[in-house]
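Secondary and tertiary structure notes
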Amino acid sequence: MSNSVHQSTPSPNRKGKQKRIDLIEPQNESSPKRQRVLSSATRIFILADKLTTEEHDALRSLVVDLGGMNANMTFANVILTSMRAPRRIERYLNADVINRHVPVLHTSWLHDSARERLLLAYEPYKIMGGASPELEKQREELGLDVVGSSEHEQTEEKKAIPPPSPPHSDSQTLQEETNDDDSQTEDEDDATFQRALTPFQSTQQEDCEGDPDWKNVDYACMRPSPLKSKQNQALVDELEVLRLQRILAGKQEMNATAYGRAISAIKAYPHSLQPNPSNAKNLKGVGPKIAKLIVQYYEEGRIAEVDAIRKDSAFQTMSRFMQLYGVGPKRAREYYSGGARSMDDVIKMGGSLGVHLHIDECLRILPDLQRTIPRLEVEEISKTIFDELNIIAPGSTYVICGGYRRGKPESNDVDIVISLPRPLQRGEEPDRGIWNVKEQIAVMDKLLKTLKRKAFITHVVNVSTPASVYEMTYSRLELAEVVVMPSRSETIPVPRYRRVDIILGPWETHGAAVLGWTGSRQFERDIRLLAKHKGFTFHSTGLVHQGERAPLSTPQEEDIFEILGLEYMPPRLRNCDA
DNA sequence: GGGCAATCAG
DNA sequence: CGTAT
DNA sequence: GCCC
């Protein structure tokens with residue numbers, strides 16, 4: 001029983017003489033044995049002055065040998081000279097080159113690069129140019145993004161959130177305790193940034209260098225990632241296709257993970273990779289293979305493998321199957337290899353989805369669920385739920401998380417995180433300790449019952465109670481995955497079925513719940529990874545120190561960032577996924 | 001060559 | 001184990 | 001696929 005999807009694919013990708021592309025085994029043998037040092041997008045102009053003709057010719061052929069291109073001054077993105085005095089060099093440059101801040105390097109850069117078989121950083125060789133007039137603009141926009149992100153959670157979150165903790169704040173004690181092998185102090189973190197920054201050799205007219213905001217770090221949770229990349233979003237969308245395909249193909253989950261990380265690295269890179277795409281491999285998470293694809297994309301305007309995947313009917317069909325709740329890559333493959341080609345086929349084959357929803361009901365509401373939800377409707381749905389809850393458990397607060405909180409104009413679902421009020425039992429009961437689990441369950445129960453009775457909740461997809469690793473008695477949430485049908489209103493002229501996640505938890509770990517439910521996916525994975533490396537376990541029920549059982553008190557998101565020694569990242573800059 | 005997030009119910 | 005978040 |  002071969003489960004390899006693409007074997008059943010009737011080779012749709014043999015198009016004329018085009019390079020044959022095997023979806024299962026992408027060609028990796030084709031890489032040249034002699035690695036090119038320069039990208040073909042490196043266009044070099046060598047100032048003739050002061051050089052003998054022989055020297056000049058030698059340099060020009062060296063450029064070609066290394067895989068670069070010789071260009072005239074107008075099209076060059078690097079200029080080489082044997083002179084040292086900027087004032088003198090300027091006389092040989094035209095105004096345009098100066099305006100564009102094309103980097104001017106000493107010729108030894110080329111020789112050294114040839115010797116090292118490696119594209120060396122411009123910086124040590126740079127005589128002039130290389131500054132970026134675009135940088136200022138981008139930084140401003142970034143700043144705007146941060147400042148302008150007035151979260152809607154303020155509407156209901158009564159207690160004003162204190163500003164993000166400054167880098168060096170008082171509660172460092174925890175960190176020092178965990179100062180084992182890989183927990184870093186903040187200073188070490190900074191050092192890491194510096195080290196990470198220098199080897200980035202790109203430069204290329206405007207690039208990283210001199211950009212204090214961009215850090216080539218390896219945790220997505222450490223770098224601001226906007227909703228969409230301003231410069232490379234089209235590339236990101238291409239790579240996302242490859243990621244999906246690796247998931248669907250099976251046996252390549254780790255490749256999919258790698259594409260996810262590469263995508264997040266590109267999302268956070270605030271410059272275009274176009275001028276010098278081969279430099280992409282300097283981004284943490286982008287290795288030789290993906291770098292090659294990026295070069296191909298910017299040189300040819302497309303990635304051949306992506307084109308092939310997009311056309312592949314097996315890929316299309318299985319992608320559609322996966323839209324059904326309860327159908328992941330495995331079942332999609334099973335359906336497909338079982339002969340299913342349409343949703344109707346899937347219904348006929350039946351089988352359990354391991355979900356309370358029946359498959360045909362699932363299919364019936366699917367057209368609605370595929371539609372995105374405008375922000376105003378997200379808010380209205382949330383309010384409906386919260387109003388009801390506030391009757392059951394007065395004094396609660398809520399935050400709309402998920403994509404909404406990250407600033408997406410349209411959401412796929414509604415994630416609402418509710419914090420139950422502090423118990424407050426007449427002088428008794430300190431800050432820590434047991435929260436009333438039974439009450440939590442009861443509250444969720446009542447809430448669901450009421451909303452079902454009012455026909456607001458139409459389907460309960462699943463109810464679960466995520467808890468801390470070791471003991472259920474410590475910190476748990478109630479999670480209800482439901483489908484609602486809001487009533488018609490001004491903001492909802494055409495009501496549709498909408499997926500809603502209701503998360504209900506104690507006040508003490510509210511910050512963890514909010515952080516855990518805000519995403520994005522890659523952001524979550526990396527903050528969990530970081531936590532692990534620092535001796536913690538993090539998930540939406542709380543931040544737990546290794547060896548402990550009870551989670552730390554983290555009523556606010558900021559508490560977690562601070563404990564992890566992580567700079568606060570505003571929700572709108574956590575869009576680390578495609 | 002090991003690790004890649006961490007948890008849930010069916 | 002496969003799936004969902 | 002990528003990183004340490």
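For the structure itself, consult the block above.
Residues numbered from 1 in each chain as written. Chains lettered and ligands numbered in written order. Predicted model: local features only at pLDDT ≥ 70, side-chain atom pairs only at ≥ 80, totals over all residues. Heavy atoms only, no water.

Topic: the protein's contact with DNA strand D
Near DNA strand D you find 14 residues, and of these Asn255, Ala258, Gly285, Gly287 and Ile290 are the closest. Among all atoms of DNA strand D positioned within 4 Å of the protein, those belonging to sugar or phosphate total 71%. A distance of 3.0 Å separates a phosphate oxygen of DNA strand D from a polar atom in the side chain of asparagine 255. Within the backbone of valine 286, a nitrogen or oxygen atom sits 3.5 Å from a phosphate oxygen of DNA strand D. When residues of the surface near DNA strand D are traced back to their parent elements, those giving at least two are helix 9 (253-267) and helix 10 (288-300). Among the elements that make up the surface near DNA strand D, the one with the highest residue count is helix 9 (four residues). (Near = heavy atom within 4 Å. Polar contact = N/O pair within 3.5 Å; in protein donor to acceptor, adjacent residues only side chain to side chain. Helix = DSSP H or I, 4+ residues; strand = E, 2+ residues; numbered from the N terminus.)

Thoughts on the nonpolar core
In globular proteins that are soluble, nonpolar side chains generally tend to be buried together. Grouped together as the largest cluster of nonpolar side chains are 48 residues, with contacts concentrated most on Leu235, Leu239, Leu273 and Ile294. The set of elements that each furnish at least two residues to this core consists of helix 8 (233-249), helix 9, helix 10, helix 11 (304-311), helix 12 (313-321), helix 13 (329-337), helix 14 (343-349) and helix 15 (359-369). Both domain 2 (145-310) and domain 3 (373-573) contribute no fewer than three residues apiece to this core. The residues contacting isoleucine 294, other than those within four sequence positions of it, are Leu235, Ile266, Leu273, Pro277, Ala280 and Val286. (Core = buried A, V, L, I, M, F, W, Y, C linked by side-chain atoms within 4.5 Å. Buried < 20%, exposed > 50% of the residue type's maximum accessible area, 1.4 Å probe, protein only. Domains from an automatic or database assignment. Contact = heavy atoms within 4.5 Å.)

Observations concerning the protein's contact with DNA strand B
Lining the immediate surroundings of DNA strand B are 18 residues, of which His356, Arg525, Arg528, Lys532 and His539 lie closest. In the environment of DNA strand B, a phosphate oxygen lies 3.0 Å from a nitrogen or oxygen atom belonging to the side chain of arginine 525. Measuring from a base nitrogen of DNA strand B, one finds a side-chain N or O atom of arginine 528 at 3.1 Å. Elements with a contribution of two residues or more to the surface near DNA strand B: helix 9, strand 10 (457-464), helix 20 (521-533) and strand 13 (536-539). Of the residues assigned to the surface near DNA strand B, the class counts are seven nonpolar, seven polar and four charged. (Nonpolar A, V, L, I, M, F, W, Y, C, P; charged D, E, K, R; others polar.)

Details of the sheet that holds strand 10
Hydrogen bonds between backbone groups are what pair the strands of a sheet, and the pairing can be parallel or antiparallel. Here we have five strands laid out as an open sheet, ordered 7-9-12-11-10, and mixed in their pairing. Only two strands of the sheet have a single neighbouring strand rather than two, namely strand 7 (397-400) and strand 10. Going across the sheet, the axis of each strand differs from the next one's by a mean of 20°, ignoring polarity. Relative to strand 9 (residues 414-419), strand 7 is paired through four bridges, and the arrangement is antiparallel. (Pairing = 2+ DSSP bridges. Axes fitted to C-alpha atoms, helices over the stretch in contact; angles between N-to-C directions.)

Points about the environment of arginine 375
Inspection of the secondary structure puts arginine 375 in helix 16 (residues 375-392). Here the alpha-carbon distance between arginine 375 and lysine 408, two residues 33 residues apart in the chain, equals 8.0 Å. Dropping the residues within four chain positions of it, arginine 375 is found in contact with Tyr404, Gly407, Lys408, Pro409 and Arg572. Of note is the side chain of arginine 375, whose polar atom sits 2.9 Å from the backbone oxygen of tyrosine 404.

Focus: the pattern of salt bridges
Summed over the entire model, instances satisfying the criterion amount to 17 salt bridges. Between arginine 246 and glutamate 305 there is a salt bridge, and its shortest N-O distance comes to 3.1 Å. Note that arginine 246 is positioned in helix 8 and glutamate 305 in helix 11, a separation of 59 residues in sequence. Residue arginine 246 is classed as buried on the basis of its relative accessible area of 3%. For glutamate 305, a relative accessible area of 7% puts it in the buried group. Across the salt bridge formed by aspartate 387 and lysine 383, the nearest N and O atoms sit 3.0 Å from each other. Residue aspartate 387 and its partner lysine 383 are both found in helix 16; the two are separated by four residues, about one turn of the helix. (Salt bridge = Lys/Arg side-chain N within 4 Å of Asp/Glu carboxyl O.)

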